[in-house]
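Fold and geometry: a report
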Amino acid sequence: MTPATEGGSMRPPREIVLTRDIAAPRALLFRIWTEPEHLMRWWGPQNMTAPFVSVDLHEGGAWRHCILTPEGREYWSHGRYLEIVPPERLVFTFAWENLDGKSGHSMQVTVEFQELGEKTRLIFRKVELPDDTELRLQTGGWEQALDKYVAYAEATSREG
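Overview of the structure. (Residues numbered from 1 in each chain as written. Predicted model: local features only at pLDDT ≥ 70, side-chain atom pairs only at ≥ 80, totals over all residues. Heavy atoms only, no water.)

Moving on, we get to the pairing of strand S4 (residues 49–55). Bridge count between S4 and strand S5 (residues 62–68): 5 bridges; the pairing is antiparallel. The residue bridging Thr49 from the neighbouring strand is Leu68, located in S5. Hairpin connection from S4 to S5: 6 residues lie between these consecutive antiparallel strands, with Gly60 at a positive phi of about 95 degrees. (Pairing = 2+ DSSP bridges. Helix = DSSP H or I, 4+ residues; strand = E, 2+ residues; numbered from the N terminus.)

Structure representation (structure tokens):
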């Protein structure tokens, strides 16, 4: 990755980094991030649902998800898995689709799961965001999605 040039000056790439400490085992958290039946329960910001989730979990495999707003608007995204190290690390590309189903700007996501005794630290990193507006919108959206993820993961862990 090289820094972007903006107006002749070097600027570091736009990046989101979010961390959550979760009262759930690492193996469960990895499954909740990679299995469609779990992804449908938390993927997307608050007040949105994920009615469609497709996962082909192997390096080079594709994923595709839809999030649905309360007003019925669909937002589709897709990517490919670049690195899968259960239950420690997941790296994948992420791109929004336009109304014609064509791929938008590609970004890269890394999710790390670190053991912390009885908790697990999740570190979410998304890089190569195309502009400051997208950085702001996606940061807010991912903060909400991770809040849903934590609540779902902790409830699932308690249920056994």
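This is not the end of the story, as more comes after the structure.
Ranked by size, the top nonpolar core spans 35 residues in total, and within it Trp33, Trp42, Trp43, Phe124, Trp142 and Tyr149 carry the most contacts. For this core, the leading source of residues is helix H3 (residues 132–159), giving 7 residues. Filtering out sequence-adjacent residues up to four positions away, Tyr149 remains in contact with Ile22, Leu29, Phe30, Ile32, Trp33, Trp42, Phe113 and Leu122. (Core = buried A, V, L, I, M, F, W, Y, C linked by side-chain atoms within 4.5 Å. Buried < 20%, exposed > 50% of the residue type's maximum accessible area, 1.4 Å probe, protein only. Contact = heavy atoms within 4.5 Å.)

The periodicity of an α-helix, 3.6 residues per turn, causes residues three or four places apart in sequence to face the same way. Counting buried residues along helix H1 (residues 26–34), 7 of its 9 residues qualify, which places the element largely inside the surrounding structure. Every buried residue of H1 is listed here: Arg26, Leu28, Leu29, Phe30, Ile32, Trp33 and Thr34.

So, on to H3. Helix length check: H3, at 28 residues, gives a terminal C-alpha distance of 40 Å against a target of 40 Å (1.5 Å per residue), a fit within 8%. All of the buried residues along H3 are Glu134, Gln138, Gly141, Trp142, Ala145, Leu146, Lys148, Tyr149, Val150, Tyr152, Ala153 and Thr156. Elements in contact with the buried residues of H3: strand S3 (15–22), H1, helix H2 (36–42), strand S7 (89–96), strand S8 (107–116) and strand S9 (119–127). Put simply, Asp131 is the residue that caps the front of H3, since its side-chain oxygen is 3.2 Å from the backbone nitrogen of Thr133. Trailing H3 by a residue or two, Gly160 shows a phi angle of about 80 degrees, which is positive. (Expected span 1.5 Å × (residues − 1). Polar contact = N/O pair within 3.5 Å; in protein donor to acceptor, adjacent residues only side chain to side chain.)

Turning to the pattern of salt bridges, a few remarks are in order. Within the structure shown, the criterion is met by 9 salt bridges. Close ionic contact of Arg14 with Asp132 constitutes a salt bridge, the shortest N to O distance being 2.7 Å. Of this pair, Arg14 sits in the loop between strand S2 (9–11) and S3 while Asp132 sits in helix H3, and the two are 118 residues apart along the sequence. Using a relative accessible area of 48% as the deciding quantity, one classes Asp132 as partly exposed. Connected via shared salt-bridge partners are Glu83, Arg89 and Glu112. (Salt bridge = Lys/Arg side-chain N within 4 Å of Asp/Glu carboxyl O.)

Quick look at the packing of H1 against H3 now. Helix-helix packing: each pair is described by the crossing angle between the helix axes and the interaxial distance. It is the contact of H1 with H3, at a shortest axis distance of 10 Å, that shows an interaxial angle of 125 degrees. As far as their axial angle goes, H3 and H1 are oblique. In this structure, the crossing between H1 and H3 has a hand that is right-handed. Mapping the contact onto sequence places Leu28, Leu29, Phe30, Ile32 and Trp33 in H1 and Trp142, Leu146, Tyr149, Tyr152, Ala153, Thr156 and Ser157 in H3. (Axes fitted to C-alpha atoms, helices over the stretch in contact; angles between N-to-C directions. Parallel < 35°, antiparallel > 145°, perpendicular 65-115°, else oblique. Left-handed = near helix turned anticlockwise from the far one by under 90°.)

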